[in-house]
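This is what each chain is made of:
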Amino acid sequence: GVEWKRKQDIRAALVQFWRWARRDGIGGNDVVTTAERLPEVATENYDQCILTPLGLQALGAQVEVEFRSWLVLGCFAGMRPEEISPPPGKEKKKNKRGLHCEEIDWVFRCIRVPKCVAKGGKRARVIPFNDALEAGLEWAGIRPGMTGPICPLNPTKEGETARLGKTVFGGEWPKDVCRHSYGS
């Protein structure tokens, strides 16, 4: 996962650096750069699952009420699971927390994700939302004026993703299914 991505990013940066150096006449005249001779890191091999409207409807019918906000924010805002609900294990030690209801700006129709919630904890970001996300939040019981954690329990730690994997997908929970569906 993360290690593979880091290696690919380093290789890509080296290739770009050598191409720049060669173009400016300071990197030699090799047709193939030294960096390009580095072996490519094998990619992870897994099937990407994208929800259809009927698949999302089936998932919505099966998800427990306390995890509806997690499903909605993943599928309609593209948020990462660890940003929505309190992360389990190691992440808890890094002072990470899930999104709070007061970070949803209903007036300007956006979600303000603070640094302490965002991946990496380096940059806050703003996620605009549309009518579908607003309707989904209402379905999940999230309304203007609410405060506190938007999804107090972690669905993976509580076994919800494993249960949904069996009941909806007939096996395991597909990796990043909500974010991939949002991105598609």
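Structural data are supplied above this passage.
Residues numbered from 1 in each chain as written. Predicted model: local features only at pLDDT ≥ 70, side-chain atom pairs only at ≥ 80, totals over all residues. Heavy atoms only, no water.

### Digging into the overall build of the protein chain
Logical step 1: Of the regular secondary structure elements, the protein chain holds 8 helices and 3 strands.
Logical step 2: The N-to-C order of helical and strand elements in the protein chain reads α-α-α-α-α-β-β-β-α-α-α.
Logical step 3: Each of the 184 residues in the protein chain was classed as buried or not, and the buried ones make up 34%.
Logical step 4: For the protein chain, long-range pairs separated by at least 24 residues make up 60% of all intrachain contacts whose partners lie at least 6 apart in sequence.
Logical step 5: Of the accessible surface of the protein chain, which amounts to about 11,500 Å², a share of 55% is contributed by carbon and sulfur atoms. (Helix = DSSP H or I, 4+ residues; strand = E, 2+ residues; numbered from the N terminus. Buried < 20%, exposed > 50% of the residue type's maximum accessible area, 1.4 Å probe, protein only. Contact = heavy atoms within 4.5 Å. Areas by Shrake-Rupley, 256 points an atom, 1.4 Å probe, with all protein chains shown as cover.)

### Re the packing of helix H3 (residues 68-77) against helix H6 (residues 131-139)
Logical step 1: Where H3 meets H6, the closest approach of the two axes is 9 Å, and the angle between their N-to-C directions is 170°. As summarised for this structure, H3 and H6 are arranged roughly antiparallel, according to the angle between their axes. On H6, the residues that touch Arg-68, Leu-71, Val-72, Leu-73, Phe-76 and Ala-77 of H3 are Ala-132, Leu-133, Gly-136, Leu-137 and Trp-139.
Logical step 2: Here the residues of the contact of H3 with H6 sort into 9 nonpolar, 1 polar and 1 charged. (Axes fitted to C-alpha atoms, helices over the stretch in contact; angles between N-to-C directions. Parallel < 35°, antiparallel > 145°, perpendicular 65-115°, else oblique. Nonpolar A, V, L, I, M, F, W, Y, C, P; charged D, E, K, R; others polar.)

### A closer look at unusual backbone geometry
Logical step 1: You will see that Arg-109, though not glycine, has its phi angle at about 50°, which is positive.
Logical step 2: You can see Arg-109 is positioned in the loop between strand E1 (104-105) and strand E2 (110-113).
Logical step 3: Phi is positive for Asp-176, close to 55°, though the residue is something other than glycine.
Logical step 4: Considering the arrangement of structural elements, one finds Asp-176 in the loop between helix H7 (160-169) and helix H8 (177-183).
Logical step 5: The exposure class of Asp-176 is partly exposed, given its relative accessible area of 32%.

### As for the pattern of salt bridges
Logical step 1: Applying the stated criterion across every chain, the model contains 8 salt bridges.
Logical step 2: Between Arg-125 and Glu-83 there is a salt bridge, with the nearest N and O atoms lying 2.8 Å from each other. Of this pair, Arg-125 sits in strand E3 (residues 125-128) while Glu-83 sits in helix H4 (residues 81-84), and the two are 42 residues apart along the sequence.
Logical step 3: With a relative accessible area of 26%, Arg-125 lands in the partly exposed category.
Logical step 4: Overall, the relative accessible area of 0% leaves Glu-83 in the buried class.
Logical step 5: Notably, a salt bridge pairs Glu-103 with Arg-97, separated by 2.6 Å at the nearest N-O pair. (Salt bridge = Lys/Arg side-chain N within 4 Å of Asp/Glu carboxyl O.)

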